[in-house]
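Here is how the chains run, residue by residue.
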Amino acid sequence: MHTTSIQAVTKHSLFQPSNISESFWEKLRPTGAYAPLVAMLIIGLPILSLSRISLILWQADRVTATGLLQDVLLQGVRVDLILLSLFALIPLLLSPLFAIFKAWQQWRYFTFIWLVFVISFIIFLEAASPGFIAEYDTRPNRLFVEYLKYPQEVIPMLWNGFRVHVLAGIIAIVAAVWLMIQLAKPWVKQKNHFRLLPFLIALPLVLLLTILSIRSTLGHRPANPALFAITNDSMVNTLILNSPYSVLYAIYNLKHEKGSSKIYGKMSTKEMIAEFKNNRATYQDNNQLLNHAQFPTLSLQKPSRNRDKPLNIVIILEESLGATFVESLGGIPATPELEKLKNDGWWFEQLYATGTRSVRGIEAVVAGFAPTPARSVVKLSLAQNNFVTLASILSDQGYLTEFIYGGESHFDNMRGFFMGNGFQQVIDQKDYVNPSFVGSWGVSDEDLLNRTHEQLTKHHATGQPFFTLAFTSSNHSPFEYPDGRIKPYEAEKATENNAVKYTDFALGQFFKKAKTSEYYKDTIFLVVADHDIHVRGADLVPVTHFHIPGLILGADIKPKKIKTVASQIDLPTTLLSLAGIEVKSPMIGRDLSSEADNTPGRAMMQYNKNYAWMEGQELVVLRPDQVATFGHYDRTSKKVTVVAAPANANAQAKRALAHSLLPAWLYSNERYRNN
């Protein structure tokens, strides 16, 4: 083809974006001033549907396993209409102002900007979805928003561990903004041809249709994510949603955190407390409820070990160290040092995390606080002062209390929560001189535990009892650690398995020094995970990924295997008892040191909006605005089987509901105090 012919073809109107755009807007001319809102629908729906279809193809095994592919697609369109109607509502509510003053050109500019923003926002979040789902097994949600507050930690993590996703997101947002500007330009340049009267006559009908679309139901309550939880696979349920809706609903839901557990059902305060007390009475430990009128969970705990001088307490909280990495707990052989150490103390065979985030583990292990669907109390306003923690209890007993971290302690509001609730000092990244290795999340675990050893040695020399919390971070994406320390578990260096093995190496090095130190004989240690690294699965609550290692050792602790089902909230009460400390506390955890070995036990797990209450191997799962689901957890196969409601179903469901409501009630009424 001759050059002139090529030029002629490329100049044809079909190849000119401006002509395509002009044709698009010309076809929308009959809709008048409502044209940009119609355009939002025409552009937004295909984008959201194509994104959902792509995600479904990626997760085809899990979607097809539900047998509800058609429902996922159809209900997805329903959610997309809710989202786009929400975005349309804002300009619709403002439109009378533009119409009355006949500021039609200003209306064009405003809706031009709004259209570009909305579609670009949708494309950005949908582009970010695959990476987020791969990491957290759910669409972007509240966690996505929370991470935006910590750019210093999160940006290096994203760049080092998720570079492809970051670049894809940047390209997507830049391309989306540019394309939308090109598409929307003719709308701004059109001549004004709107008439006030027809616009105002149509407005009530348009508003009514928009509001009905947002409600998406004629029922008493408007549609919400719970309405679209139609499968037993939580991740598939989030595919029905779209990512902008998921994020916006999470932001909206923040204001309901005080009564967050009410999504599971209603129960009077009197009945809730009665259920708690009845369940508490089944565990014959040394916690005596005081029946305090204002603080109903307040108990007097007498220690199971009488000591002339109470022991020091040290907690090493291991980042993302689930049972999946511990061979003797059914995982891979990535923790040889922990496997050796387990023979020196109390080894928990059925210990379960309360959640999937570090702050959830902190609130359980440090404060003995049970989980809620809301954010962890580490981040909530009413828990920033006078909230009971091990540090507040022990500081009142004359202990020196400190938190040692390798990164920035302000992350997730840890420093604020700790300093407001009994911790007297915090050591974080800025306090390390010439650390051997620094990664995205701070200094290495070796540096952290070397500093911990130095601190414990110094404290012991003073004669003052101490409580130290050390929180590791090397086992966090992007899995950075120093070379030459371990024989890699696999060839590629920056993997979770290698990072866990390095973290385990650092732990082993620490205890080699600790066991030869003066402080060891006077100190009780707890090594425990905050949560597993990837909590996911097709179950309503993937119990196997809540299984974590726990080990209590030091002082005069004799080797023992703890077989009862236990929760992280049982650890602080057990530590206090073993350390020989008598205390009044609102903590609801069990004292495992004074229980019979054959106690079935119980644990509670918060998985997104689902709450699991497990007694022995029997499960009750609560979901928002739905009846309780019952299941059986097989420890051998690591699977949850949904079962028919048992004969005592009502009693089990009431017990689960009471314990899901209790922590939110304690928080919102400021009753998690000693006085």
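The shown structure was predicted, so the numbers you read here are calculated from the model rather than taken from an experiment.

Student: I'm lost on helix α10 (residues 196–215) in this one. Help?
Tutor: Since the α-helix advances by 3.6 residues per turn, residues separated by three or four positions end up pointing in the same direction. Taking 1.5 Å of rise per residue, 20 residues should cover 28 Å, and α10 covers 29 Å from first to last C-alpha, within 8% of that figure. At Leu203, α10 is bent by approximately 35°, the largest bend along its length, and proline Pro204 sits one to four residues beyond. When we look at burial in α10, the residues that qualify are Phe199, Leu203, Leu207, Thr210 and Ile214. In this structure, the buried side of α10 is in contact with α5 (69–100) and α6 (104–136). With its phi angle positive at about 60°, Ser216 sits one or two positions after the end of α10.

Student: Quick question: what am I supposed to make of the pattern of salt bridges here?
Tutor: Side-chain pairs of opposite charge can arise whenever the charged atoms involved come near each other. Evaluated as defined, the whole model comprises 29 salt bridges. In this structure, the salt-bridge partner of Glu271 is Lys654, at a minimum N-O distance of 3.0 Å. Of this pair, Glu271 sits in helix α13 (residues 269–280) while Lys654 sits in helix α21 (residues 649–668), and the two are 383 residues apart along the sequence. On the basis of relative accessibility, which here comes to 31%, the residue Glu271 falls in the partly exposed class. With relative accessibility at 33%, the residue Lys654 sits in the partly exposed group. Linking Asp522 and Lys521 is a salt bridge whose minimum nitrogen-to-oxygen distance equals 3.9 Å. Asp522 gets classed as partly exposed once you look at its relative accessible area, which sits at 28%. Overall, the relative accessible area of 48% leaves Lys521 in the partly exposed class. Residues joined in a network through salt bridges with shared partners are Arg415, Asp428, Lys430 and Asp431.

Student: Quick question: what am I supposed to make of a nonpolar patch on the surface here?
Tutor: A contiguous nonpolar surface patch, about 450 Å² in accessible area, is contributed by Leu50, Ile53, Leu57, Leu69 and Leu73. Where the nonpolar patch is concerned, the elements lending two or more residues are α3 (35–58) and α5. A total of three residues in the nonpolar patch trace back to one element, the largest contributor, which is α3. Of the residues examined, Leu73 reaches a relative accessible area of 33% and is grouped as partly exposed.

Student: Quick question: what am I supposed to make of the sheet that holds strand β19 (residues 618–622) here?
Tutor: Taken in spatial order, the five strands make up an open sheet running β17-β18-β19-β20-β21, and their pairing is antiparallel. If you trace the sheet from one side to the other, it starts and ends with β17 (602–607) and β21 (639–643), each paired once. Strand after strand, the sheet turns through a mean of 25° between neighbouring axes, direction not considered. Of the strand pairs in this sheet, strand β20 (residues 629–634) and β21 are connected by five bridges, and their pairing is antiparallel. Bridging across to β21, Asp634 finds its partner in Lys639.

Student: Can you walk me through unusual backbone geometry in this structure?
Tutor: Pro478 follows Ser477 through a cis peptide bond whose omega is 15°. Mapped onto the secondary structure, Pro478 falls in the loop between β10 (466–471) and α19 (496–514). The phi torsion at Lys102 lies on the positive side, around 50°, for a residue other than glycine. With respect to the helices and strands, Lys102 occurs in the loop between α5 and α6. Positioned with a positive phi, Asp625 is a non-glycine residue whose angle comes to about 55°. Positionally, Asp625 belongs in the loop between β19 and β20. Since its relative accessible area comes to 43%, Asp625 is described here as partly exposed.

Quick notes on the rules
Residues numbered from 1 in each chain as written. Predicted model: local features only at pLDDT ≥ 70, side-chain atom pairs only at ≥ 80, totals over all residues. Heavy atoms only, no water. Helix = DSSP H or I, 4+ residues; strand = E, 2+ residues; numbered from the N terminus. Expected span 1.5 Å × (residues − 1). Bend = angle between axes of the 7 residues up to and from the residue. Buried < 20%, exposed > 50% of the residue type's maximum accessible area, 1.4 Å probe, protein only. Contact = heavy atoms within 4.5 Å. Salt bridge = Lys/Arg side-chain N within 4 Å of Asp/Glu carboxyl O. Patch = residues over 30% accessible without salt bridge, like charges linked within 9 Å, V, L, I, M, F, W, Y side chains within 5 Å. Areas by Shrake-Rupley, 256 points an atom, 1.4 Å probe, with all protein chains shown as cover. Pairing = 2+ DSSP bridges. Axes fitted to C-alpha atoms, helices over the stretch in contact; angles between N-to-C directions.

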